[in-house]
Amino acid sequence: MIQSKVEIVPFEPSLREHFYTLNAAWLKKHFVIEPIDEQVLRDPEQLVLAPGGAIFFARLGDAIIGTCALLHEAPGVYELSKMGVDEAFRGLGAGRQLLDAAIAEFHRRCGHTLFLESNSSLKPALRMYEQAGFVLQPTIRAGSHYARADVYMIYAPVSDRAPR
């Protein structure tokens, strides 16, 4: 039996529906779809890509199993957002590959600040973010768009951190 490998691919219009369905599934399971989610998920071309962001998908064979977005907030400032992997395909490394692709794109664009907002109940995701170099901040982000956000993390790879 030949095992398919997870591949990371960029947004294309034919994949738009997956951006919505993958994110809606985990949001409905753990929280609710907030108005800001609905807007971004329904119109990713205008609300993610046009302002200078990027969207990635994890593909396994012919199946789209995960997605994430890199939102351009201000010059050099990006938010990791809208990351979701189909529950049936968790444990294959798709989430980490999506995260790595978003971080690589952040570096390619010479960004200086990469942040994310999450929820403390999403323990496996928070561990993955920490392993990738995100550091938990002492307070939530000022002006957060999300009612569910009680975690604010900023990307600070080990090489960027001050010695102890």
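In case you missed it, the structure is sitting above this.
Residues numbered from 1 in each chain as written. Predicted model: local features only at pLDDT ≥ 70, side-chain atom pairs only at ≥ 80, totals over all residues. Heavy atoms only, no water.

**A short note on the layout of surface pockets**
As a reminder, the rule being used: Every definition here rests on a 1 Å grid over the protein atoms only: cavities are sets of points where a 1.4 Å probe fits but cannot get out, pockets are open sets enclosed by protein on both sides within 12 Å along at least five of seven lines, and lining residues have some atom within 4 Å of a point. Grid points are joined across faces, edges and corners, and a volume is the space filled by probe spheres set on the points. Helical segments are the DSSP runs of H or I of at least four residues, strand segments are the runs of E of at least two, and each set is numbered from the N terminus. Gly falls in the polar group here, along with every residue not listed as nonpolar (Ala, Val, Leu, Ile, Met, Phe, Trp, Tyr, Cys, Pro) or charged (Asp, Glu, Lys, Arg).
Its boundaries defined by the atoms lining it, the largest pocket holds a volume of some 720 Å³. Lining the largest pocket are 32 residues, and of these Met-83, Gly-84, Ala-125, Met-128 and Tyr-129 lie nearest its centre. Elements with a minimum of two residues in the lining of the largest pocket: α1 (16-30), β4 (77-85), α4 (94-108), β5 (113-118) and α5 (123-132). In this structure, the second largest pocket spans a volume of roughly 210 Å³. What lines the second largest pocket is simply Ile-36, Gln-39, Val-40, Leu-47, Val-48, Pro-51, Leu-71, His-72, Glu-73, Glu-79, His-145 and Tyr-146. Of all the elements in the fold, those that place two or more residues in the lining of the second largest pocket are α2 (35-42), α3 (44-49) and β3 (63-74). Residues that form the lining of the second largest pocket fall into these classes: 7 nonpolar, 3 polar and 2 charged.

**Things to note about the sheet that holds β5**
What counts is decided by this rule: We call two strands paired when DSSP finds no fewer than two bridges between them. Interaxial angle, 0 to 180 degrees, is taken between N-to-C directions of lines fitted to C-alpha atoms, where a helix line uses only the stretch in contact. Note on contacts: a residue pair qualifies if any of its non-hydrogen atoms lie within 4.5 Å across the two residues.
Sheet architecture is open: 7 strands sit in the order β1-β2-β3-β4-β5-β7-β6, paired in mixed fashion. The open sheet has two edge strands, β1 (6-10) and β6 (134-136), and neither has a second partner. In this sheet, neighbouring strand axes are inclined to one another by 25 degrees on average, regardless of whether the strands run parallel or antiparallel. Where β3 lies against β4, 7 bridges are found, and the strand directions are antiparallel. In the strand pairing of β4, Ala-69 is matched with Ser-81. Relative to the sheet, α4 contacts β1, β2 (54-60), β3, β4, β5, β6 and β7 (151-155), its axis offset from that of β4 by approximately 160 degrees.

**Re the environment of Leu-71**
Counted only if it meets this: Burial status follows relative accessibility: with a 1.4 Å probe on protein chains alone, a residue under 20% of its type maximum counts as buried, one over 50% as exposed, and anything between as partly exposed.
Relative to the assigned elements, Leu-71 resides in strand β3. Looking at Leu-71, the relative accessible area reads 12%, which means it is buried. If sequence neighbours within four positions are ignored, Leu-71 has contacts with Val-48, Val-77, Tyr-78, Glu-79 and Ser-81.

**Quick notes on the pairing of β7**
Counting buried positions along β7 gives 4 out of 5 residues, so the element sits mostly inside the fold. Judged from the 4 bridges that link them, β5 and β7 form a sheet pairing that is antiparallel. Residue pairing across strands places Ser-118 opposite Val-151, the latter belonging to β7. Taken together, the 3 bridges between β6 and β7 define a ladder with antiparallel strand orientation. Within β7, the position partnered with Phe-134 by the bridge is Tyr-155.

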